[in-house]
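# Per-entry structural report
So you can see what is in the structure, the chains are spelled out below.
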Amino acid sequence: MSWLNNFLFVALPYVAVVIFCVGAVYRYRASGFQYSSLSSQFLEGRGSYLFSMLFHWGILILFIGHLVTFLFPAMTLAWHSDPVRLIIDEIVALALGLGVLIGLAGLLVRRISHPRLWVVTSRMDLMIELLLLAQIVLGLWTALGYRWGYYWFAADLSPYLWSVVKLNPQIEAVSAMPVVIQAHVVGAFIILGMIPFTRLVHFLVAPFHYLWRRQQLVMWYWDRKRVRDPGAGWTETRPGNN
C-alpha cells in the first residue's frame, strides 16, 4: 500500500494547495461578485441563527486550535504535560466538535427541507456540506476512540505537515496511524482543494480589517423629527438641516 500512502500523503497535499491557490485567484478574477457565502437567510431565516452560530464559532475555534498545535508543537506538548490542562482542553474540543456537528446538521436539514432554499442549492453545496459533516464525525470519532489528540497531533502529525511545507514529506508516522485519523487528514486536504469552488471561499474576503480599523463617526444632518414623522409628505428634496 506504499503507492496509496504516497498518493494520499505526498501528492494530494500539493495538488490541494495548488488547486486552492489557482482556483481562488481565478474565481476572484472571473466572478468576483460570487466570491461570497451567497447567503440564503433572506429566503428562509427562521431557526437558522442558533445553528449558524454553533457551526461558525465552533469551527473557527477548532481551526485556531489545530493551527496553534501545528505551528507550536513543542509548546503544545509542554502545556499539556499537566493532566488537568490536557483533560480540560480535550473536553472543550469535544464540546466544540459536538456543537459544530449539531450546527452543520441543522443547516443541512434546513437547506434540504425548505423548497426556496433547495432551488438555490447546487450539487457543490451539498457535496461540501456532506464532506464537512463527515470530517466532523471523523474528528469526534478520533476524540472518543483515540484519546489525547493534542499529543498525537503535536508529536506525529505536526512534524509530518512541517515536512510537507519543507518539500521533504516524511510519511512514516502518518502512515502508521489508524484509518480513522488518516481519513481525517485526507478529508482536510480534499476540502482545502474544494474551497475555491464552494461557498466556503467567502472566508478569504471576510472583513477582518473591521477588527482594527478606526471607529467611524456618523453625522446626522437631517431633521430627525420630520424624517420620522409618518404623516410627513414625500418630497424629492431632503429635509432641512437642524
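Here, the structure is the one placed above.
First, a word on what this report is: a plain description of the structure on this page.

Rules and cut-offs
Residues numbered from 1 in each chain as written. Predicted model: local features only at pLDDT ≥ 70, side-chain atom pairs only at ≥ 80, totals over all residues. Heavy atoms only, no water. Helix = DSSP H or I, 4+ residues; strand = E, 2+ residues; numbered from the N terminus. Buried < 20%, exposed > 50% of the residue type's maximum accessible area, 1.4 Å probe, protein only. Contact = heavy atoms within 4.5 Å. Areas by Shrake-Rupley, 256 points an atom, 1.4 Å probe, with all protein chains shown as cover. Salt bridge = Lys/Arg side-chain N within 4 Å of Asp/Glu carboxyl O. Phe/Tyr/Trp six-rings, centres within 6.5 Å; stacked < 30°, edge-to-face > 60°. Lys NZ or Arg CZ within 6 Å of the ring centre and 35° of its normal. Axes fitted to C-alpha atoms, helices over the stretch in contact; angles between N-to-C directions. Parallel < 35°, antiparallel > 145°, perpendicular 65-115°, else oblique. Left-handed = near helix turned anticlockwise from the far one by under 90°. Nonpolar A, V, L, I, M, F, W, Y, C, P; charged D, E, K, R; others polar. Lys, Arg positive; Asp, Glu negative; His and termini not counted.

We now examine the overall build of the chain. Looking only at helices and strands, the chain has ten helices and zero strands in total. Starting at the N terminus and ending at the C terminus, the chain contains elements arranged as α-α-α-α-α-α-α-α-α-α. Across the 242 residues that make up the chain, the buried fraction comes to 33%. Of the contacts formed within the chain by residues at least 6 apart in sequence, a portion of 75% connects residues at least 24 apart. Carbon and sulfur atoms provide 70% of the accessible area of the chain, an area that totals close to 16200 Å².

The next thing to look at is the pattern of salt bridges. One pass over the full model with this rule turns up one salt bridge. Here Arg85 and Asp82 are joined by a salt bridge, their closest N and O atoms 3.7 Å apart. Residue classification places Asp82 among the partly exposed residues on the basis of a relative accessible area of 27%.

Attention now goes to the packing of aromatic side chains. The tally for this structure, following the rule as stated, stands at three aromatic pairs. An angle of 90° between the planes, with centres 6.2 Å apart, marks the rings of Phe9 and Tyr160 as edge-to-face. Residue Phe9 is found in helix 1 (residues 2–30), and its partner Tyr160 is found in helix 7 (residues 149–165); the two are separated by 151 residues along the sequence. As far as burial versus exposure is concerned, Phe9 and Tyr160 are alike and both buried. Taken together, a centroid distance of 6.1 Å and an interplanar angle of 45° make the contact between Trp152 and Phe153 tilted. Residue Trp152 is classed as buried on the basis of its relative accessible area of 16%. Given the relative accessible area of 11%, Phe153 is considered buried. The ring of Trp79 carries the charged tip of Arg85 above its face, separated from the ring centre by 4.3 Å.

It is worth spelling out the packing of helix 2 (residues 48–71) against helix 4 (residues 83–113) at this point. Between helix 2 and helix 4, whose axes approach to 7 Å, the crossing angle comes to 140°. Taken together, the axes of helix 2 and helix 4 are oblique relative to one another. In this structure, helix 2 crosses over helix 4, and the sense of that crossing is left-handed. In contact with Ser48, Phe51, Ser52, Leu54, Phe55, Gly58, Ile59, Ile61 and Leu62 of helix 2, helix 4 contributes Ala93, Leu96, Gly97, Gly99, Val100, Ile102, Gly103, Leu104, Gly106, Leu107 and Arg110. Its residues assigned to classes, the contact of helix 2 with helix 4 shows twelve nonpolar, seven polar and one charged.

On to the side chain of Asp89. Locating Asp89 in the fold gives a position in helix 4. Buried and without a salt bridge, Asp89 has Arg85 as its closest oppositely charged side chain, separated by 6.6 Å. When residues no more than four places from it in sequence are discounted, the contact partners of Asp89 are Trp79, His80 and Tyr150.

Here we take up the packing of helix 2 against helix 7. Viewed as axis vectors pointing N to C, helix 2 and helix 7 meet at an angle of 70°, and their least axial separation amounts to 8 Å. In this view, helix 2 runs roughly perpendicular relative to helix 7, as classed from their interaxial angle. Each of His66, Thr69, Phe70 and Leu71 in helix 2 lies in contact with helix 7, whose residues at this interface are Tyr150, Phe153, Ala154, Ser158, Leu161, Trp162 and Val165. A per-class count over the contact of helix 2 with helix 7 returns eight nonpolar, three polar and no charged.

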